[in-house]
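# Observations on chain architecture
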Amino acid sequence: RFIAKPCAINLGIQDSGPHRAQPNAILEKVFTSITKSPDGKRLEGLSKQLDWDVRKIQRWFRHRRNQDKPTTLTKFCESMWRFTFYLSIFSYGIRFLWTAPWFWDTRQCWYNYPFQPLTSRLYYYYILELAFYWSLMFSQFTDIKRKDFLIMFVHHLATIGLITFSYMNNMVRVGTLVLCLHDASDFLLEAAKLANYAKYQRLCDAFFMLFGVVFIVTRLGIYPFWILNTTLFESWELIGPYPSWWLFNGLLVTLQVLHVIWSYLIIRTASKALVRGKVSKDDRSDVETSSEEEDVTSNSTKGILSTSSNGSNRLNGHVAGGQWTGE
């Protein structure tokens, strides 16, 4: 409210929503009580009842669906908040872990386990991360759904479960490595969204490409060969198969499966960008556009972060046709 909104206004982002649908009591009743996306048979019936062309009715429903979506200014403010959090928590984590012995030698995560001290910096790092992921868990039900809603839901459950489980079992050392690794790419994704909303397309594409590289390196390279290696093999070697070993590593492997899915989506999006010359629409998004917009843009390329569309979950994100998503 006091920082992001003034920044958005200075960048020329207006607090104006999408085109509003023409007031119509009959169509409004159908929209609110029956369906937001009528089929062909219902469209024909409404066309006869209103003496409207079917295409005009389809356009009305598209406008009506779009007008409930948040404005570009709202999305900019949300992304700026997330960018601030991700960058701050990642900086804090790197500064803290740089002097931690287990950052350089993962076997240190298991020496003298479970009798390892919980310092105040470790405690606050964990509590901040847990609070943030709980907020993501709740907010995804109020945001507009994307195609990867289920994936993001599983991701948040696995993340909250891992943070809570590792804290209760004093596995905070390896837990800090997992948290810091996941925060490494998230602020770049939010930076790409901010550049998109401000209509700096080249900067947006550059941030997205950088995000893609960091995401793939950390999630498909460092995570399996550094994190999973120590939780699966080094822990077994140093402290043996503790009772919760299977649950703990099962959750970590679940995250890795999600990493592979997201990496595939990122690579596919980047490939389209190289072919078309700019980052194109994200495959995860359920994007609504009016028929007028379709006529205007049918022969042009739209950016993957097009400000005329919207999404909800993050490509952890959780990439959207109008908004990039997740972790």
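Below or above, wherever it landed, is the structure these notes cover. (Residues numbered from 1 in each chain as written. Predicted model: local features only at pLDDT ≥ 70, side-chain atom pairs only at ≥ 80, totals over all residues. Heavy atoms only, no water.)

## Side note on the overall build of the chain
The helix and strand tally for the chain stands at 12 helices and 0 strands. Scanning the chain from its N terminus toward the C terminus, one meets helices and strands in the order α-α-α-α-α-α-α-α-α-α-α-α. Looking at the chain as a whole, 50% of its 327 residues are labelled buried. (Helix = DSSP H or I, 4+ residues; strand = E, 2+ residues; numbered from the N terminus. Buried < 20%, exposed > 50% of the residue type's maximum accessible area, 1.4 Å probe, protein only.)

## Some thoughts on a nonpolar patch on the surface
A contiguous nonpolar patch, built from Leu118, Tyr123, Tyr124, Ile127, Tyr167 and Met168 and spanning about 600 Å² of accessible area, is present on the exposed surface. When residues in the nonpolar patch are grouped by element, the largest group, 3 residues, is from helix α7 (residues 120-139). Considering the arrangement of structural elements, one finds Tyr124 in helix α7. (Patch = residues over 30% accessible without salt bridge, like charges linked within 9 Å, V, L, I, M, F, W, Y side chains within 5 Å. Areas by Shrake-Rupley, 256 points an atom, 1.4 Å probe, with all protein chains shown as cover. Salt bridge = Lys/Arg side-chain N within 4 Å of Asp/Glu carboxyl O.)

## Brief notes about the pattern of salt bridges
One pass over the structure, following the stated rule, counts 4 salt bridges. Between Glu237 and Arg107 there is a salt bridge; the shortest N-O distance is 3.2 Å. Here Glu237, found in helix α10 (residues 201-239), pairs with Arg107, found in the loop between α6 (101-104) and α7; they are 130 residues apart in sequence, far enough to count as distant. Salt-bridge contacts for Arg219 lead to Asp186; the nearest nitrogen and oxygen are separated by 3.7 Å. You can see Arg219 sitting in helix α10 and its partner Asp186 sitting in helix α9 (residues 172-197), a full 33 residues away along the chain.

## Some thoughts on the packing of aromatic side chains
Under the definition given, this model contains 25 aromatic pairs. Note on Tyr92 and Tyr125: the rings are 5.7 Å apart at their centroids and 50° apart in plane angle, and the pair reads as tilted. Taken together, the positions of Tyr92 in helix α5 (residues 72-97) and Tyr125 in helix α7 put the pair 33 residues apart, joining distant regions of the chain. When its relative accessible area of 30% is taken as the criterion, Tyr92 is described as partly exposed. Tyr125 gets classed as buried once you look at its relative accessible area, which sits at 0%. (Phe/Tyr/Trp six-rings, centres within 6.5 Å; stacked < 30°, edge-to-face > 60°.)

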